[in-house]
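Okay, here's what each chain looks like letter by letter:
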Amino acid sequence: MNHNSLHPTVQIVSILVLVQAGISVVSSIEASFATLAFGPAAGGLALVNLALAGLLFALANRLRHGSDRARRTIRFVEVFVIVWALFDLALALGLAGRSIELVGLTTRIVMPVYVWRALRRSDVKATFRPGQDAVAIEAPVLTGAAA
Amino acid sequence: MTSVLAETAILAHSDLVITSVDPGSYLGSPMYAVIPEHQLALFGLVVTILGAWWVRWRANRHASCEETCLYRRYGRLALPERFVFWLVTSSAVIHLGLVLGHEPSGFSLAYLIGTAATSWVAWRMLAGRPWRRPAKYVLVGSVLAYAATLLAGEAPDQMGILTKLIEITALAGVIVVPASGPGRIARSVRSASVVGLLVATAFGAWVGAMSSGDGGHHLGETPPPGVLLPGGEDREPTAAERARAEHLYEETVAALARFEDPAVAAAHGYDVAGMFGNDFHAGNEDLKHDGRILDPHHPETLVYAMAGERPVLLGAMFEMEEIGQAGPAVGGPLTVWHAHDHICLSLAPVGIAGLQSPFGSCPAGAINVPITNEMFHVWVLPGLDDPFGDIDEAWLTEYLAAVELAG
């Protein structure tokens, strides 16, 4: 599939997924430091977050190349992120009587909801070929937009 | 109730006789709040978001207006460009809000420059002039300038971090999704630069938040991230408060002497397994809901540090049984209780996995504990200036080295 034929919203979504991947890298580094301070509980999380970052980079890249599988996988990941955020929001409201802070609302609810909704819009979906993986999949590294 | 408490009323938080505390009345790290000087900027951001909807609607209605009309110019932008335009415009409005929200200073001049630079980029986009290169310089410059001020010791807040997130996202739109792009390596470098700016912002935020705090265990201090203090100003303790604090300290030292051997602590139900580091908390679940508060003979947690292979008892941590219960500050401002917030709790294995990131999340796989019950430390090491506050890291390292050397 020629990625220029994709809906322009896909480019915005891929930017947001790239930023989410970057935040996962930050989380991975923070978990590594936490391992030193608080013990081994965070060690596994550092690896999980690094793997998540790699997955998101790859998905952002494949999405730009028209992969419908990437579109569906990203939607699944975003649902997971939103549900987790809502659980934390319930804890914050229940225990501390306050909401998630501004940045958390943006990164954990606003961005994932936008991505999830955008990728389920019919005009966006129509530009993906159902069930198709990316035609010109690049290595799952920090690749940017197609030339 | 102990003898210490029996002598006095419950003097919660040093001045007021209260038994409960509103979690919202705590003072926490500014990293998790919007400071008052930045609220105008937040208002500006909300207005910009509403303005974006309005302009979008007007642009659709004025698609056939004159060539130079703003709505038509806006309508010529591709969707990803409109996305970048609104992010850059948001940054400009936020910077303007910061100018208006602060007293004139070097910082407000910097905010003014930020307003001008981001407005200039937004205008170039509307005017149809080349804008990608200026946008790169302005956005990267703004993010790096912020990181530099954080590294110099300025405390971050939610508005500052959000602004940088907006700018980094805009930059991603500028450099990662151009109309035409270079080869794979160059594109990878561009994506990596976005990640690098996120890491730099987070690193700067941690450094700024940690270094701008005053220690965070006395009234009136700015707490570091993860610590909540009750509101109020510090004051000199009264003679009675000083006497009660000394009594509490002496009673705790005497009661804890038996726990210098972790095996004795383990026999009393403390979880000393896997001891490591300079701040190992060995809790005793049986004592956490036993109805005894601030009982030196039954502290809820013991704190150890490792001097080489040898465990050293640092002191005790007393805990309240419920969130929102105020601890009894028997020594007035000498014995201020604190709580913790934004703790990341790993679910498998269960354990503390750090503090909430400046970007608002715990690592995937950890939940965010928004607040804990109140707690209070009594340190029993000889030679400490303040047995109830923070132990100075350098002092502790030196002390542990001396213990290790002495065998």
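Residues numbered from 1 in each chain as written. Chains lettered and ligands numbered in written order. Predicted model: local features only at pLDDT ≥ 70, side-chain atom pairs only at ≥ 80, totals over all residues. Heavy atoms only, no water.

Points about the state of the cysteines
All names here are of chain B. This is how it is decided: By convention in this document, the label disulfide applies to cysteine sulfur atom pairs within 2.5 Å. In this text, helices come from DSSP runs of H or I with a minimum length of four residues, and strands from runs of E with a minimum of two, each type numbered from the N-terminal end. Burial here depends on accessible area, computed with a 1.4 Å probe over protein chains only, as a share of the maximum for the residue type. Under 20% is buried, over 50% is exposed, and the range in between is partly exposed.
Applying the stated criterion across every chain yields a total of one disulfide over all chains. The disulfide bridge from C344 ends at C362, spanning 2.1 Å between sulfur atoms. Judged by the sign of its S-S torsion, about -85 degrees, the bond between C344 and C362 is left-handed. Residue C344 is located in strand β7 (residues 343-347), and its partner C362 is located in the loop between β8 (350-355) and β9 (366-369); the two are separated by 18 residues in the primary sequence. The same class applies to C344 as to C362, namely buried.

Regarding the packing of helix α1 (residues 8-38) of chain A against helix α7 (residues 158-175) of chain B
Each pair of packed helices can be summarised by the angle the axes make with each other and by the distance between the axes. To keep it simple, the criterion reads: Fitted lines through C-alpha atoms serve as axes, helices being fitted only where they are in contact, and the angles separating the N-to-C directions of these axes extend from 0 to 180 degrees. These descriptions rest on fixed angle ranges, namely under 35 degrees for roughly parallel, over 145 for roughly antiparallel, 65 to 115 for roughly perpendicular, and the rest for oblique. The crossing is said to be left-handed when, going from far helix to near helix, the turn is anticlockwise and less than a right angle, and right-handed when the turn is clockwise. It only takes one pair of heavy atoms within 4.5 Å for two residues to be counted as in contact. Each residue is assigned to one of three groups, with Ala, Val, Leu, Ile, Met, Phe, Trp, Tyr, Cys and Pro labelled nonpolar, Asp, Glu, Lys and Arg labelled charged, and all others, Gly among them, labelled polar.
Their axes nearest at 9 Å, the elements α1 of chain A and α7 of chain B cross at an angle of 125 degrees. Of the possible angle classes, the one that applies to α1 of chain A and α7 of chain B is oblique. The handedness of the crossing between α1 of chain A and α7 of chain B comes out as right-handed. Where α1 of chain A approaches α7 of chain B, its residues I15, L16, L18, V19 and I23 of chain A are matched on the opposing element by L165, T169, A172 and G173 of chain B. A breakdown of the residues in the contact of α1 of chain A with α7 of chain B according to their chemical character gives seven nonpolar, two polar and no charged.

Focus on the pairing of strand β4 (residues 301-307) of chain B
Residue and element names in this part refer to chain B. Stated precisely, the cut-off is as follows: DSSP bridges decide pairing: two strands pair if at least two such bridges lie between them.
Of all seven residues that make up β4, seven are buried, and the element is covered over most of its length. Residues of β4 alternate between two faces, with T301, V303, A305 and A307 on one and L302, Y304 and M306 on the opposite face, all of them buried. Sheet topology places strand β3 (residues 280-283) next to β4; four bridges connect them, and they run antiparallel. Paired with F280 across the two strands is Y304, which belongs to β4. Of the pairings in the sheet, the one linking β4 to strand β5 (residues 310-319) comprises seven bridges and is antiparallel in character. For V303, the partnering residue across the bridge sits in β5 and is G315. Connecting β4 to the next strand, β5, in antiparallel fashion are two residues, including G308 with a positive phi near 65 degrees.

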